[in-house]
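Observations on the model geometry
Here is how the chains run, residue by residue.
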Amino acid sequence: MPKVQLNGITVDFPFQPYACQEAYMAKVLECLQKKVNGVLESPTGTGKTLCLLCSSLAWQEHYKDAISARKIAQRLNGEELFPGPSWGNVAPNDDIPTYYTDVPKIIYASRTHSQLTQVINELKNTVYRPKVCVLGSRDQLCIHPEVRRMESNYMQIYTCRKKVMARACHFYNNVEEKSTEKELMSSIMDIEDLVKKGNELRACPYYLSRSLKQQADIIFMPYNYLLDSKSRKAHSLDLRGTVVILDEAHNVERLCEESSSFDLTPYDLASAIDTVDVVLEEQAKVVQQNEVNAEFNMELASSGLNMELEDIAKIKKILLQLESAIDEVELPPDDSGVTKEGSYIFDLFAKAQITFQTKSSLLESLEQILQYLSGRKCEFDSCFTQTFLCNAGKMKCWFISVATSSNASIPFAQVHIHLDDSNQKKKQKTDVWSSSSTKKEKTLSYWCFSPGYSMHELVRQGVRTIILTSGTLSPLSSFTMEMQIPFPVRLENPHVIDKHQLWVGIISKGPDGTSSQYGNAFSYSFIYPTAGNLVRVVPDGLLVFFSSYPVMDKSLEYWRVCSLIEEVKTMFVEPRNKGSFSEVIDAYYNRVVCPKSSGAAFLAVCRGKASEGLDFADRNGRGVIITGLPFPPRMDPRVVLKMQFLDEMRRCGAGSQYLSGREWYYQQASRAVNQAIGRVIRHRQDYGAIFLCDERFTAGNVRCKLPSWVRPYVNVYDNFGHAVRSVSIFYRAAQEAVSARRLSTLSLQHEKRLADEQKGGRKRIKLISNEVPENKPNPTENKRARAALYLATVKSILSKERYKLFTMALQDYKLRDDFIAVLSQLSALFIDDKNNHVLLRDFYQFIRPYHKKQFHEACSSLTGEGCGYKPEHGLPWEEQDLTTPSIGFCLLTWLCSAGNFMLNKATVAR
């Protein structure tokens, strides 16, 4: 693999990196070497994940070299074994630790485990083989049948703990013995791999991951494990001296605030009271039974709960007092809610005897009750038990949140008491006919309004470096201001695409001249005909993003009545239910590639699932329409209080350290827009158009917040016809660029034919015979036979694990068409051994035409020999041989299916 020298460190990269990739890795190394924080933005498709892994692991290896260099120098009385600046110059001598165990660990965090799985797969495609650990929850990692049957997370936690304490889980009992298995410590495993390995070893994956964490060089986890102090404690995370990388960091701001906030609803509080009430009744029965047993010298009964009745009754009294204290807060006549300073939470809890002096005994009592509930058997309704256990667990978390709140967090938080707007209702225990109470139920909300508080907590843990990175962090200035910690290193990376691959237009007027000036309401009269006409211009797949579900629903209703869009493209709508999302998106993908359709339109909401990391590469997303600026709901109490909080902080002298409320409001809209438009251009060869259908995008304070790779391409169109004409020319030029290679190929073929005809000074004469020609072999069958031979050869050479990576690379290339990814994956499999170089070159037959030249050049660079590229190889498959349409696509599909079949067959055979 190519080796790149950056900041004095050698980085092994799967292929020759682009300039923007080198710039990105250089910034990562700068953060690590100088022990400073960095915020790095790099668009999707620029290989951000690969750059992060290769640069950080290269630095870590170099750090280990520095320790080795020092130890050797000490043994040689200060003389260097290998003089020169290339080894061990990762840090000043006084910063190099004495022991290898002190080498900084890398903590790589992303939003979800599915994203982490993609990162770990990228790691497998590099030459780096660090010791790896991935952390997850019991719900994801536990393999004990009884615990897995529990529906509630709280039930799983306490059932697991009970079995572990009693040594009643044989999976846990095997952990100590199996955790030192060489294969376990040297393998790079994601969550699914760890669970499979745990089943093979009959050892608990959850506790195996905790054991692997101690020796790991790099630890993968969702970033709520890092940012939430309760989760850090639960996973025993020691962050001293670690390098923290937060990928997909555009969500970090919200998560930081939520990790330090909570809502206590009347339903939750009433359920917790009922939980304690049931426990109290059961304990009273046990006490009564034991009094009878004592009279007759019989064995005393035990419920498993070692608590006095008075202690349980005290818990119930505390909860009733808290409920009463919340109810006593008077709301204004308009029921808009009451807002207090963050310190008010201590005054409110003090009324219920919840103080710093009583917190320890209270939390200990709650823990005992939770342990008792988790051990309840089937004599009680399981749903009843799980519901109460869940709410008792929540109650414990609330008390921990308040009990662990320091004075430092109070200025960043506010208490808001308001009418309960949740749909959960607690069933009345009293007779509703005899009860005349019509009291309004209230919710207690404790909201943190500064993500900087959680970031400061990270810094206080003693981390070495924090790197925040994503494809959409713009505007960086306001983002870093919200974080409230210094970021000396910053980067806004350009894209790897050329100018003819992206069209961006601000459309301020519709087809009939209607302005998109929104005022205080969404301009339906503008967006209805505008989107209805743009859908006729955009080929294949089109994405339409709305600011909210009500706006999308109303637009959808109109378009279905008038069939303005459906007569051109089939419409698919982002479901609110996450369970059915994958079905809808798969149907959309299938419709786009259907030869009998003219494409499809996918309607979604900004900040929804479709705008978060979903891949709409190539035909799946040739255009995206932003129907307006997706501001947060202006009258939402939390939004109002956040804006008031920011304005107050600026007035109190914080000055430039804080955004104003209005700046934050616009920042939220801009970040949601940037996340949505990032769905379009997904790789180096992709192209697409972005339609910003809101006149407010012309304003400087809005336009400047677009990503740096988008801003140079923005044009404003006051005339709708001019915009349509411009984008039509763009699509025509983009499609012609794809077919330009076909024209050059035809020219070369014509010149070759003329040369052949003139060879010997005369034309070649073709003899025509009346004989029936022999049946020519089917080229498809020939190519399939060749593919089958190739597949069998690969399978015989690679190990089962590496062959699985090979088939995954095939599937990924077929679905995502990501050339950079498949090249890096194949390089990792075939480059190390020179005898396997031919297998890399032979894969040329399955590479799509528009990637063949790049693949040929990459093979020349990596193996010293190309693949015999010719210009006609760049023709679309259906044009290379008119007698066998789409033969290449069929072959790639067949190869993926055959590869999976052979892999499954080998697995079954085992």
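Residues numbered from 1 in each chain as written. Predicted model: local features only at pLDDT ≥ 70, side-chain atom pairs only at ≥ 80, totals over all residues. Heavy atoms only, no water.

In the annotation of an unreviewed UniProt entry, the protein chain is listed under the name Regulator of telomere elongation helicase 1 and assigned to Melopsittacus undulatus. Reading the Catalytic activity (unreviewed entry) entry of the UniProt record for the protein chain gives the comment "ATP + H2O = ADP + phosphate + H(+)". Checking UniProt for the protein chain, the heading Subcellular location (unreviewed entry) contains the comment "Nucleus". (UniProt positions renumbered as here; feature names shortened; annotations may be inferred.)

**Re the packing of aromatic side chains**
According to the stated counting rule, one finds 34 aromatic pairs in the structure shown. The structure contains a cluster of three or more aromatic residues connected by ring pairs, namely Tyr790, Tyr803, Phe806, Phe830, Phe843, Phe846 and Phe855. Lying over the aromatic face of Tyr813, Arg848 brings its terminal NZ or CZ to 5.0 Å of the ring centre. The lysine or arginine in question, Lys852, covers the ring of Tyr844, its NZ or CZ lying 4.3 Å from the ring centre. (Phe/Tyr/Trp six-rings, centres within 6.5 Å; stacked < 30°, edge-to-face > 60°. Lys NZ or Arg CZ within 6 Å of the ring centre and 35° of its normal.)

**Points about helix H1 (residues 19-34)**
Here H1 spans 22 Å end to end across 16 residues, near enough to the 22 Å set by a 1.5 Å rise per residue. Looking at H1, one finds that the buried residues are Cys20, Gln21, Tyr24, Met25, Ala26, Val28, Leu29, Cys31 and Leu32. Backbone geometry just after H1 places Lys35 at a positive phi near 55 degrees. (Helix = DSSP H or I, 4+ residues; strand = E, 2+ residues; numbered from the N terminus. Expected span 1.5 Å × (residues − 1). Buried < 20%, exposed > 50% of the residue type's maximum accessible area, 1.4 Å probe, protein only.)

**Topic: the nonpolar core**
Membership of the largest hydrophobic core comes to 122 residues, with the highest contact counts inside it found for Phe220, Leu226, Met455, Phe806, Phe830, Phe843 and Phe855. In terms of residues, this core owes the most to one element, helix H2 (residues 48-75), which gives 10 residues. Setting aside its immediate chain neighbours within four residues, Phe806 contacts Tyr790, Leu791, Val794, Leu798, Leu826, Leu829, Phe830 and Phe843. With 53 residues, the next largest nonpolar core counts Leu543, Ile585, Ala669 and Val710 among its residues. (Core = buried A, V, L, I, M, F, W, Y, C linked by side-chain atoms within 4.5 Å. Contact = heavy atoms within 4.5 Å.)

**Observations concerning the UniProt feature "short sequence motif: Nuclear localization signal" (unreviewed entry) in the protein chain**
Under the UniProt annotation, "short sequence motif: Nuclear localization signal" (unreviewed entry) lies at residues 148-164. Counted over residues 148-164, helix gives 76% and strand 0%. Its end C-alpha atoms are 15 Å apart.

**Digging into the sheet that holds strand S20 (residues 714-717)**
Read from one edge to the other, the open sheet built from 7 strands follows the order S16-S17-S15-S18-S19-S14-S20, with strand pairing classed as parallel. Unpaired on one side and paired on the other, strand S16 (570-573) and S20 mark the two borders of the sheet. Here the strands of the sheet are splayed against their neighbours by 20 degrees on average, with no regard to which way each runs. Where S16 meets strand S17 (residues 600-605), 4 bridges bridge the pair, whose relative direction is parallel. Each bridged residue has a counterpart across the sheet, and for Val573 the counterpart in S17 is Leu603. Seen against the sheet, helix H22 (residues 524-534) touches strand S14 (502-507), strand S18 (623-626) and strand S19 (688-692) and runs at an angle of roughly 155 degrees to S14. (Pairing = 2+ DSSP bridges. Axes fitted to C-alpha atoms, helices over the stretch in contact; angles between N-to-C directions.)

**Side note on the UniProt feature "binding site: [4Fe-4S] cluster" (unreviewed entry) in the protein chain**
The positions that UniProt labels "binding site: [4Fe-4S] cluster" (unreviewed entry) are, in the present scheme, Cys142, Cys160, Cys169 and Cys204. Judged by maximum C-alpha separation, these annotated positions cover 63 residues in sequence but sit close together in space, the widest gap being only 10.9 Å. Of the annotated set, the members that line the largest cavity are Cys142, Cys160, Cys169 and Cys204. Residue placement: Cys142 occurs in the loop between helix H4 (138-141) and helix H5 (145-148). With a relative accessible area of 7%, Cys142 lands in the buried category. Among all residues touching Cys142, those that are not within four sequence positions of it are Val147 and Arg148. Checked against the element boundaries, Cys204 lands in the loop between helix H10 (191-201) and helix H11 (205-215). With near-sequence residues (within four places) excluded, Cys204 lies in contact with Phe171, Tyr172 and Val175. (1 Å grid on protein atoms, 1.4 Å probe; cavity = no way out; pocket = protein on both sides within 12 Å on 5 of 7 lines; lining within 4 Å.)

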